[in-house]
Amino acid sequence: MISLNDDLIVGKGAHRTCYRHPEAHNLCIKVSHEGFSQEQELAYYKRLSNRNIQWQLLARYHGTVHTNIGKGYVFDLVIDANNQPAKTLEYYLNQPNSEALAEPLLNLKDYLLHNLVITKEIKPRNIACVNNNGTIERCVVVDDIGNTEFFPISNYVSSSAKRKINRKWQRFEASLNELGLSLN
């Protein structure tokens, strides 16, 4: 059993708390809040793994562990050059020079389309930005992946998946534009 405590918390969301893995610096453990199921998301991760996608811009799922506070789900922990957990896009959008995020974000869009990775939503709090001495090198999706369609046709038809990814990206980009960040 792995012992987790508040000192290991990397972040808290509406459905899960994310802890730095106490035994592996490059992993984290997400523990769901009571009543939240991750089964749909985990099935989607398995699907991606079976397709042998590239994992550079998506935190990879590594399985489950037992912790002192319940079942934990182990994922890659996105870390900066200084070996600290990467901050979210939400954090960087509130910093000066946020226009430097455009290239890494456009690379993320290309990644999602190339690997046909569907997200439930694309939100700044679900994207970690790898900072290397003041330069954002890449943006990595760390949460909210999966297909929410009742009939998940996009899981099987590439053109449908690309349309879905593009629609979600357009909504995401519109929300960035409202904050004053243009990716064009």
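Refer to the preceding data block for the structure.
Draft legend 1. Just the environment of Ser49, in detail. For Ser49, the position within the fold is in helix α1 (residues 39-50). When its relative accessible area of 31% is taken as the criterion, Ser49 is described as partly exposed. Distance from Ser49 to Arg60, taken between C-alpha atoms, is 8.7 Å for residues 11 residues apart in sequence. Among residues more than four places away in sequence, those in contact with Ser49 are Trp55 and Arg60.

Draft legend 2. Looking closely at the packing of aromatic side chains. In total, this model carries seven aromatic pairs according to the counting rule given. Ring geometry for Tyr45 and Trp55: centres 6.2 Å apart, planes at 10 degrees, overall stacked. Placement of Tyr45 in helix α1 and of Trp55 in the loop between α1 and β4 (61-67) is noted, with a sequence separation of 10 residues between them. The burial state of Tyr45 is the same as that of Trp55; both residues are buried. Ring plane angle 45 degrees and centroid distance 6.0 Å describe the contact between Tyr45 and Tyr61, whose orientation is recorded as tilted. Of this pair, Tyr45 sits in helix α1 while Tyr61 sits in strand β4, and the two are 16 residues apart along the sequence. Given the relative accessible area of 2%, Tyr45 is considered buried. In textbook terms, an aromatic cluster arises when at least three aromatic residues are bridged by ring pairs, as seen for Tyr45, Trp55, Tyr61 and Phe75. Taking NZ or CZ as reference, Arg47 lies 4.5 Å from the ring centre of Tyr156, over its face. Over the ring of Tyr91 we find Lys87, and its NZ or CZ is 5.3 Å from the ring centre.

Draft legend 3. Representation of unusual backbone geometry within the structure. Of note, the phi angle at Asn133 is positive, near 55 degrees, even though the residue is not glycine. Taking relative accessible area as the criterion, Asn133 reaches 74% and is therefore assigned exposed. A positive phi angle, near 70 degrees, is found at Asp144, a position not held by glycine. Mapped onto the elements of the fold, Asp144 is located in the loop between β8 (135-141) and α4 (158-178).

Rules of the game
Residues numbered from 1 in each chain as written. Predicted model: local features only at pLDDT ≥ 70, side-chain atom pairs only at ≥ 80, totals over all residues. Heavy atoms only, no water. Helix = DSSP H or I, 4+ residues; strand = E, 2+ residues; numbered from the N terminus. Buried < 20%, exposed > 50% of the residue type's maximum accessible area, 1.4 Å probe, protein only. Contact = heavy atoms within 4.5 Å. Phe/Tyr/Trp six-rings, centres within 6.5 Å; stacked < 30°, edge-to-face > 60°. Lys NZ or Arg CZ within 6 Å of the ring centre and 35° of its normal.

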